[in-house]
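What follows is each chain in one-letter form.
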Amino acid sequence: MNKKFFPFLTMLALFTACDNDENKATSQTIVLGDTATIVTEKDNRNLGDFVADVKVKEMEKKQQEEELQQSKQTEKAINTTQQTSQPVTTGKGLQIAFKDIQVFIPDVETKSFTNQNPERTGGASYQLVSGKIKGNQLRISGATIIKVSQRTISYVLASNELGNLRLQSLGTTSDWKEIAGSKGIYAITGLNANQIEVKNATPASIKNTVLREAKRSRCSRKTIQAWGQAIGNNPILSHAPFIADVRSVIWKIEGKDANGRTFYRQLRIDLPI
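Owing to the predicted nature of the structure, the values given are computational and were not obtained by experimental measurement.

A.B. asks: Quick question: what am I supposed to make of the packing of helix 4 (residues 203-216) against helix 5 (residues 221-231) here?
C.D. replies: Packing of helix 4 against helix 5 leaves a shortest axis separation of 9 Å and a crossing angle of 155°. In terms of orientation, helix 4 lies roughly antiparallel with respect to helix 5. Between helix 4 and helix 5 the crossing geometry is right-handed. Contacts between helix 4 and helix 5 pair Lys207, Val210, Leu211, Ala214 and Lys215 from the former with Ile224, Trp227, Gly228 and Ile231 from the latter. Of the residues in the contact of helix 4 with helix 5, the class split is 6 nonpolar, 1 polar and 2 charged.

Pasting the structure below:
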């Protein structure tokens, strides 16, 4: 054999052996538990359970929709309760239609000496003809009410067997006082004789006022002297023959309209003397 041809055969045999080994490695069966065939994933993004994640997201979405629906139902229930809790503002009594609210005082009769338009002016005034204000109610509907306040204008009445003397100058106008209410109904309180404010007058001022009112009422000289003796030299307005009473009751209503703007409405009732 030619010596030059022998090395060529040797190289061809080696090449064929490597090719067979490669095919053998490629086609061999994967053995369970063989560490050489196990691939370990190191990227956490690929380690999650896709199916479980989808289910969790679907459950969260469903829960959010249920919570939203429940919130809408609750809001609707609240609005319905507010509408059904409006007080009765019709029937026998005084009804005033302001721009934003309706005010009703049941079982009273009133009169007005002028043409009034409460819807435009925001205020109204009436004279009580029959019925009672003390112990009655203010019923308010139509808007959100923040606060209702009340004030009184008082006078003092001197009353005994000699007659009655109205001492207007010894009365006073009280400060505003908030009154309690619920669901649009506000009780009218603070009108008892011992709750009514009067002037802090001296005994001499009280006596002079009585004598002056007796003269103004055209009492006889004898009656005027009798009044002076009846009240004595140390009269006190909290004792007989004096009685504090109410000339007028005024209410101030503070609320918010549908646009959230604050408004004030005022109502005055003058009581007969």
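A.B. asks: When you look at the pairing of strand 1 (residues 93-97) in this model, what are you seeing that I'm missing?
C.D. replies: Side chains on a regular strand alternate between the two faces of the sheet. Note: strand 1 against strand 2 (residues 102-106), 5 bridges, orientation antiparallel. Residue pairing across strands places Leu94 opposite Ile105, the latter belonging to strand 2. Two successive antiparallel strands, strand 1 and strand 2, enclose a turn made up of 4 residues.

A.B. asks: I'm lost on the pattern of salt bridges in this one. Help?
C.D. replies: Side-chain pairs of opposite charge can arise whenever the charged atoms involved come near each other. Evaluated as defined, the whole model comprises 5 salt bridges. Across the pair Arg216 and Glu213 runs a salt bridge whose closest N-O atoms are separated by 2.6 Å. Pair noted here: Arg216 and Glu213 are both in helix 4, with a separation of 3 residues, about one helical turn. Overall, Arg216 belongs to the exposed group, its relative accessible area being 58%. Note that Asp257 and Arg261 form a salt bridge whose closest N and O atoms lie 3.5 Å from each other.

A.B. asks: Explain the sheet that holds strand 9 (residues 181-182) to me, please; I cannot follow it from the model alone.
C.D. replies: Sheet strands line up and pair through hydrogen bonds in the backbone, either parallel or antiparallel. Here we have 5 strands laid out as an open sheet, ordered 1-2-5-10-9, and antiparallel in their pairing. Two strands lie at the open edges of the sheet, namely strand 1 and strand 9, each paired on one side alone.

A.B. asks: What should I look at first to understand unusual backbone geometry in this one?
C.D. replies: The phi torsion of most residues other than glycine is negative, and most of the peptide bonds are trans. Here Ala240 and Pro241 are connected by a cis peptide whose omega angle stands at 10°. The phi torsion at Asp107 lies on the positive side, around 60°, for a residue other than glycine. Among the residues examined, Asp107 registers a relative accessible area of 54% and is labelled exposed.

A.B. asks: Honestly, helix 4 in this entry has me stumped. Any pointers?
C.D. replies: Residues three or four positions apart in an α-helix share a direction because the helix packs 3.6 residues into each turn. Helix length check: helix 4, at 14 residues, gives a terminal C-alpha distance of 20 Å against a target of 20 Å (1.5 Å per residue), a fit within 8%. Buried within helix 4 we find Ile206, Thr209, Val210, Glu213 and Ala214. Projection of helix 4 onto a plane perpendicular to its axis shows the buried side chains occupying an angular sector of 130°, all on one side. In helix 4, those exposed residues whose orientation departs by more than 90 degrees from the buried face are Lys215 and Arg216. Elements in contact with the buried residues of helix 4: strand 7 (163-167), helix 5 and strand 11 (242-256).

A.B. asks: Help me understand helix 5 in this model?
C.D. replies: Turning to helix 5, its buried residues are Ile224, Trp227, Gly228 and Ile231. All buried residues of helix 5 lie within an arc of 100° about the axis, which places them on one face of the element. Residues of helix 5 that are exposed and point more than 90 degrees away from the buried face comprise Lys222 and Gln229. Looking at the buried residues of helix 5, the elements they touch are strand 6 (144-160), strand 7, helix 4 and strand 11. Of the residues flanking the end of helix 5, it is Gly232, one or two places downstream, whose phi is positive at about 75°.

The rules behind these values
- Residues numbered from 1 in each chain as written.
- Predicted model: local features only at pLDDT ≥ 70, side-chain atom pairs only at ≥ 80, totals over all residues.
- Heavy atoms only, no water.
- Axes fitted to C-alpha atoms, helices over the stretch in contact; angles between N-to-C directions.
- Helix = DSSP H or I, 4+ residues; strand = E, 2+ residues; numbered from the N terminus.
- Parallel < 35°, antiparallel > 145°, perpendicular 65-115°, else oblique.
- Left-handed = near helix turned anticlockwise from the far one by under 90°.
- Contact = heavy atoms within 4.5 Å.
- Nonpolar A, V, L, I, M, F, W, Y, C, P; charged D, E, K, R; others polar.
- Pairing = 2+ DSSP bridges.
- Salt bridge = Lys/Arg side-chain N within 4 Å of Asp/Glu carboxyl O.
- Buried < 20%, exposed > 50% of the residue type's maximum accessible area, 1.4 Å probe, protein only.
- Expected span 1.5 Å × (residues − 1).
- Arc of directions from axis to C-beta.

Geometric descriptors of this kind do not, in isolation, establish any biological role.
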